[in-house]
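Descriptive analysis of the structure
If you want the building blocks of each chain, they are given just below.
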Amino acid sequence: QVEEAFYQAFRSHDIQLMKQVWDQSDDVFCIHPGSSRIFSYQLIIASWEQIFAGKEEINIQLSDSTYTMDDNLCIHNVKEVIVVDDRDLGTVLATNVYRQSSELGWRMVAHHGSPAFMESDSRVSNNLH
C-alpha cells in the first residue's frame, strides 16, 4: 500500500501524501535519476517539492516488479516508464526500500532511480563490476 501511495503522490504532485510515505528517521536517502544521494527527511521532501513545482503531467507505468521482504523490511525493484506532458522520458529502474515501524506501519526509507540504458530479459548481467 505504501508503494501505491508513493506513486500516487508522484503522479499527482501531492507533497502531503509524499510526506506521509517517507519515514522521518535520520537514515533515509533518495537518489533521483542522474543526481547525487540526498540524506534526511527534510532534504528529500524539499527535492520532491522542487520536482512538483513543475506543472507537467507525470504518467508513470510500472512493470517487471520484483520484491523481497521479511517482517520489517521490504525491497521492491520496478521498471518505471515515465511520460511527462506526452514526452517519453524513458525508462527508470527503481529500487524502493520500506521499513515497518510499530507506530507508523510501513514507510519508505530509500528510493534509488537509475536510467535504464539497455533492456534485457536476463536476470544475470554479462557486465559484472
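Coordinates for the structure precede this section.
1. Structural notes on the overall build of the protein chain
For the protein chain, the helix and strand inventory stands at three helices and six strands. Shown N-terminal to C-terminal, the secondary structure of the protein chain runs as helices and strands in the order α-α-β-β-α-β-β-β-β. Seen along its three principal axes, the alpha-carbon backbone of the protein chain occupies a region of about 40 × 40 × 25 Å. Here the protein chain, with 129 residues, has 36% of them falling under the buried criterion. The contacts of the protein chain with a sequence gap of at least 6 include a subset with a gap of at least 24, amounting to 45%.

2. Here's the deal with the packing of aromatic side chains
Under the criterion given, the structure shown has six aromatic pairs. With a centroid separation of 6.2 Å and an interplanar angle of 55°, the aromatic rings of Phe6 and Phe10 are classed as tilted. One end of the pair is Phe6 and the other is Phe10, both in helix H1 (residues 2-12) and four residues apart, which spans about a single turn. For the pair shown, Phe6 and Phe10 are each scored as buried. Between Trp48 and Phe52, the aromatic rings sit 5.7 Å apart at their centres with planes inclined by 45°, giving tilted as the arrangement. Placement of the pair is Trp48 and Phe52 together in helix H3 (residues 41-53), with a separation of four residues, close to one helical turn. Exposure remark for Trp48: the relative accessible area of 0% places this residue in the buried category. Aromatic rings pair up to connect Phe6, Tyr7, Phe10, Trp48 and Phe52 into one cluster.

Thresholds, definitions, all that
Residues numbered from 1 in each chain as written. Predicted model: local features only at pLDDT ≥ 70, side-chain atom pairs only at ≥ 80, totals over all residues. Heavy atoms only, no water. Helix = DSSP H or I, 4+ residues; strand = E, 2+ residues; numbered from the N terminus. Buried < 20%, exposed > 50% of the residue type's maximum accessible area, 1.4 Å probe, protein only. Contact = heavy atoms within 4.5 Å. Phe/Tyr/Trp six-rings, centres within 6.5 Å; stacked < 30°, edge-to-face > 60°.

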